[in-house]
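Inside the fold
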Amino acid sequence: MTAVPKSKLLAALSGHASSIPPVWLMRQAGRYLSEYRAIRARVPSFLDLCFTPELAAEVTLQPIRRFAFDAAILFSDILVVPHALGQTVTFSAGEGPLLAPQMGAKDISLLRRDIDLTALAPVFETVERVRGQLAPEVALLGFCGAPWTVATYMVAGRGTPDQAPARVLAYRDPQAFAALIDILVDASSAYLARQLDAGVDAVQIFDTWAGVLSGEDFDRWCIEPARRIVANLRARRPDAKIIGFPRGAGLLYSDYFAETKVTAIGLDTTVPLGIARDQLQKIGPIQGNLDPLLVVAGGEAMAAAARQIVAAFSRRPFIFNLGHGIVPETPPEHVEQLVAVVRNG
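Now for a quick tour of the structure. (Residues numbered from 1 in each chain as written. Predicted model: local features only at pLDDT ≥ 70, side-chain atom pairs only at ≥ 80, totals over all residues. Heavy atoms only, no water.)

**Looking at the environment of Ala71**
Note on placement: Ala71 falls in strand β1 (residues 71–73). Exposure remark for Ala71: the relative accessible area of 0% places this residue in the buried category. Considering only alpha carbons, one finds Ala71 and Trp24, 47 residues apart in sequence, at a separation of 5.7 Å. Ala71 has contacts with Leu9, Val23, Trp24, Gln28, Ile64, Val138, Ala139 and Leu141, leaving out every residue within four places of it along the chain. (Helix = DSSP H or I, 4+ residues; strand = E, 2+ residues; numbered from the N terminus. Buried < 20%, exposed > 50% of the residue type's maximum accessible area, 1.4 Å probe, protein only. Contact = heavy atoms within 4.5 Å.)

And the structure:
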C-alpha cells in the first residue's frame, strides 16, 4: 500500500480523505495583505515583481507565515506565457494588463512557435527559492492559464467583460484560432513541466473564462486543450498532480473532469454542494468553493458556509478553497478566522 504523503494537500490529491481538509486560497498572496503592498511599492511594475525572484518568493511565502496554509502557490501571472511567446505584455495602473499586438488571424504568425523558457528563468528561480524555504508538509503549487483564457487576452489586447473578441475570431476563423490554441497548449505544457522540474508539487490550470463557452465550443476550446496539456505532462511525469479550474462550467464540470483526466477539479461558487458531492466527488478529488465575498463579510455567515462545505465534502478527498480569488478588500483577520473554522469546526 502506498504511503500517505506528509503534505495534506498531496494526500488529498492522492485520494486520501480527511475530516480536516487541507486549505489554501486562490490569490492568497496579494493586495489585501499590508506586507504585500510594502513589497509591491518597491518595484516599478507588476511584471517586475513577478520577474524578481527574491521578491516573488517573499510574496509567495507571506501568507504561509501569516496563516499557515497547507499549500503555497507560486506568485506570478498567467500572462507571462504570452510574454515568453513574443507578445508585449504590460500592466497599467487602473487598467490591468495590456497586450500588443492584438492577435488577429494575420498576427498569430508573429508569435514564437516554441515558448522561450529562458525568458521565464526568474519564475523557475522563484520556485526553487520557495521550495527551499517551505516545510516538507507544505505543498508548493505552480500554475498556468488555460489556453482559452490566455487567448482571450491575447486576441483582445486586454481583459474584456464578455471575451467577445476571442469568441468572434473563433467563429470567423476557427482555423486561425485553433493555431493559436495549439501554440498555447505546447507552451503551457512546457512551462508547467519546467515548474515541476524546478520543485512544485502540483499544478493548477486556471480557465477563468470557461463559462462563456457552451456545447461544442466548450469541448473544443476548453476540454480538449486541457486534455492535451494533461497528456503532455503525464507523458513526462506519469504521477503529475494537476488541478483543473474551468470557472463557470456549470453542467459541463463533470464532462471536463472525466475527459481531461485532471487529478482534481476546482469548483466555482455556483456549484451546488449536493451535486458536487454526489457527482463530481465520485470522479475524483474536488477543491472549493466558498464565495470570496463571504470572507469579506466574515462573522457567522462566513463560518456557517465554511462548515457546510466541510461537512458536505470531507468524507471523500477534498481541498478547501474559494470559488474564485480573494478580493483586495478582504480583512486579513477574516482569513485567519476562516482557517480556524476549517480546521477546528
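Further notes follow.
**What about the pairing of strand β6 (residues 242–246)?**
The element β6 is largely enclosed, with a buried count of five among its five residues. Every second residue of β6 is oriented toward a common face, with Ile242, Gly244 and Pro246 on one face and Ile243 and Phe245 on the other, all of them buried. In the sheet, strand β5 (residues 202–207) pairs with β6 via five bridges, with the strands oriented parallel. Bridge pairing links Ile205 to Gly244 in β6. (Pairing = 2+ DSSP bridges.)

**Observations regarding helix α15 (residues 332–344)**
Its 13 residues place the ends of α15 18 Å apart at the C-alpha level, agreeing with the 18 Å of an ideal helix rising 1.5 Å per residue. For α15, the elements touching its buried residues are α4 (53–67), β8 (286–290), α13 (292–297), α14 (299–313) and β9 (318–322). (Expected span 1.5 Å × (residues − 1).)

**A short note on the pairing of β9**
Of all five residues in β9, five are buried; the element is thus mostly enclosed. Alternating residues of β9 divide into Phe318, Phe320 and Leu322 and Ile319 and Asn321, and every residue in both groups is buried. Alignment of β8 against β9, held across five bridges, turns out to be parallel. Considered in β9, the bridge of Asn289 is made with Asn321.

**A word on the nonpolar core**
Counting residues in each nonpolar core, the largest one holds 132 residues, and the members touching the most others are Phe177, Phe320 and Leu338. Ranked by residue count, the leading element in this core is helix α9 (residues 174–198), at 15 residues. In contact with Phe320, other than residues within four places in its own chain, are Pro21, Pro22, Val23, Trp24, Gly288, Leu290, Ala306, Ile309, Val310, Leu338 and Val342. (Core = buried A, V, L, I, M, F, W, Y, C linked by side-chain atoms within 4.5 Å.)

**Observations regarding the state of the cysteines**
The full count for this structure, using the stated rule, is zero disulfides. No disulfide involves Cys50; its sulfur sits 15 Å from that of Cys144, the nearest cysteine. No disulfide involves Cys222; its sulfur sits 12 Å from the nearest other cysteine sulfur, which is in Cys144. (Disulfide = S-S within 2.5 Å.)

**Quick look at the packing of aromatic side chains**
Each aromatic ring pair is summarised here by two numbers: the centre-to-centre distance and the angle between the ring planes. Taken as a whole, this structure holds 12 aromatic pairs when the rule is applied. Aromatic ring contacts, followed pair by pair, group Tyr36, Phe46, Phe75 and Phe91 into a single cluster. (Phe/Tyr/Trp six-rings, centres within 6.5 Å; stacked < 30°, edge-to-face > 60°.)

**With respect to the sheet that holds β6**
The strand order across the open sheet formed by seven strands is β1-β4-β5-β6-β7-β8-β9, and the pairing between neighbours is parallel. Looking at which strands have only one partner, the edges of the open sheet turn out to be β1 and β9. Averaged over all neighbouring strand pairs, the angle between strand axes comes to 25°, with direction disregarded. Across two bridges, strand β7 (residues 264–266) lies against β8 in parallel orientation. In the sheet register, Gly266 faces β8, and the bridge partner there is Gln287. (Axes fitted to C-alpha atoms, helices over the stretch in contact; angles between N-to-C directions.)

**Points about helix α6 (residues 121–133)**
A rise of 1.5 Å per residue sets the reference length of α6, with its 13 residues, at 18 Å; its end C-alpha atoms lie 19 Å apart and thus fit the reference within 8%. All buried positions along α6 are accounted for by Pro122, Val123, Phe124, Thr126, Val127, Val130 and Arg131. Taken together, the buried residues of α6 touch α4, β4 (139–145) and α9.

**Focus: the packing of helix α12 (residues 273–280) against α14**
At a minimum axis distance of 9 Å, the contact between α12 and α14 shows a crossing angle of 20°. By the angle between their axes, α12 is roughly parallel relative to α14. Two packed elements cross with a definite hand, and for α12 against α14 that hand is right-handed. Contacts from Leu273, Ala276 and Arg277 of α12 reach α14 at Gln308, Ile309, Ala312 and Phe313. Residues of the contact of α12 with α14, tallied by class, amount to five nonpolar, one polar and one charged. (Parallel < 35°, antiparallel > 145°, perpendicular 65-115°, else oblique. Left-handed = near helix turned anticlockwise from the far one by under 90°. Nonpolar A, V, L, I, M, F, W, Y, C, P; charged D, E, K, R; others polar.)

**Let's talk about the pattern of salt bridges**
Under the counting rule described, the total for this entry stands at 10 salt bridges. With its nearest N and O atoms 3.0 Å apart, the salt bridge here joins Arg228 to Asp182. Of this pair, Arg228 sits in helix α10 (residues 215–236) while Asp182 sits in helix α9, and the two are 46 residues apart along the sequence. (Salt bridge = Lys/Arg side-chain N within 4 Å of Asp/Glu carboxyl O.)

**Quick look at unusual backbone geometry**
Between Ala100 and the following residue, Pro101, the backbone shows a cis peptide bond with an omega angle of -5°. Here Pro101 lies in the loop between β3 (96–100) and α6. Look at the link from Gly288 to Asn289: it is a cis peptide, with omega at -20°. Along the chain, Asn289 turns up in strand β8. Unusually for a residue other than glycine, Ala68 sits at a positive phi of about 55°. Here Ala68 shows up in the loop between α4 and β1.

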